[in-house]
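Breakdown of the fold
Listed below, chain by chain, are the residues.
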Amino acid sequence: MSFWFIFVRMNAPFPTETKYGGHRGGNILEFYTEEFKPEPSPIEIFRQHLIQWFFAAKHIRFFEANKLTDSPAEEDLASHRMVCSALITFGEFATNFARQTKVNLSAVGLSVESIEAETRLLRNNFKMFHDVLMSYGEADDVLKKAFNET
Amino acid sequence: MKRDDVLAKIFEAEFCEPKEKAQKERDLQDSFKAASKQTNTAIYILQPAFLKVYPQYRAKRLGKEFPELPFKLRGN
């Protein structure tokens, strides 16, 4: 997941004074190149973040398979709890944003419903490793009994 | 319906393309309901049980179906 873009933008020093020839006192061409540099629109940035989010959701499942399936380490469980929570939260915000702004997501093959579905699936991923309702053995027994397995 | 049928639905929903997510997740919910009805077991008991055993199923299936993954998965 890359929220790096937002982080960098938030922490970039804001130029308070524009000098002739550019912010760093460069030549006039540098000034115009900087001033009129095309930037992605907020909608395009949102779409990029969504694509990265789906990618991150897929990768957290590979992480689970690799690190959490058998005898997971405490630090891996803690990492998973934090990242999974962040992904769920992003899913909720993204759903809300997409619904309110009615942003066209079909351009990148997405929909609000797909974001909602992925968010629900991520909640399942959270429960798999942080829900202490039953142990693996108890769950296996429930399913054996339910499906009449010997 | 067997237990692996439901586990397969979870796997499909997790690893399908984003554009298929909504449909695959609906299919998963339907399979939870169908399994609950078939086994006469409350869904609030059955669903957590499936989620608890699913990681073992997934690790084996990933090892078989995605051997090119840069992870040493169990069951490979």
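Cut-offs and rules
Residues numbered from 1 in each chain as written. Chains lettered and ligands numbered in written order. Predicted model: local features only at pLDDT ≥ 70, side-chain atom pairs only at ≥ 80, totals over all residues. Helix = DSSP H or I, 4+ residues; strand = E, 2+ residues; numbered from the N terminus. Buried ≥ 20, exposed ≤ 12 C-beta atoms within 10 Å, placed from the backbone. Contact = placed C-beta atoms within 7 Å. Axes fitted to C-alpha atoms, helices over the stretch in contact; angles between N-to-C directions. Parallel < 35°, antiparallel > 145°, perpendicular 65-115°, else oblique. Nonpolar A, V, L, I, M, F, W, Y, C, P; charged D, E, K, R; others polar. pLDDT = per-residue confidence, 0-100.

Turning our attention to the overall build of chain B. For chain B, the count of helices and strands is 3 helices and 0 strands. When its helices and strands are written in sequence order, chain B yields α-α-α. Residues counted as buried form 36% of the 76 residues belonging to chain B. When contacts within chain B are restricted to residue pairs at least 6 apart in sequence, long-range pairs at least 24 apart make up 33% of them.

Moving on: the packing of helix α3 (residues 42-68) of chain A against helix α3 (residues 43-65) of chain B. Where α3(A) meets α3(B), the closest approach of the two axes is 10 Å, and the angle between their N-to-C directions is 100 degrees. Taken together, the axes of α3(A) and α3(B) are roughly perpendicular relative to one another. Contacts from E64(A), A65(A) and L68(A) of α3(A) reach α3(B) at P55(B), R58(B), A59(B) and L62(B).

For the rest of this paragraph, the subject is the interface of chain A and chain B. Across the boundary between the two partners, chain A contributes 32 residues, which contact 29 residues of chain B. Contributing elements (two or more residues each) for the side of chain A that touches chain B: α3, α5 (112-130) and α6 (136-146) of chain A. The leading source of residues in the side of chain A that touches chain B is α5(A), at 9 residues. For the side of chain A that touches chain B, the residue count by class is 16 nonpolar, 6 polar and 10 charged.

Take the environment of S85(A) next. The residue S85(A) is located in helix α4 (residues 74-101) in this model. A sequence separation of 37 residues divides S85(A) from L122(A), and the C-alpha atoms of the two residues are 8.6 Å apart.

Moving on to the confidence of the model for chain B. The pLDDT averaged across chain B works out to 89; a share of 87% of its residues lies at or above 70. Scoring the predicted complex yields pTM 0.79 and, for the interface, ipTM 0.88.

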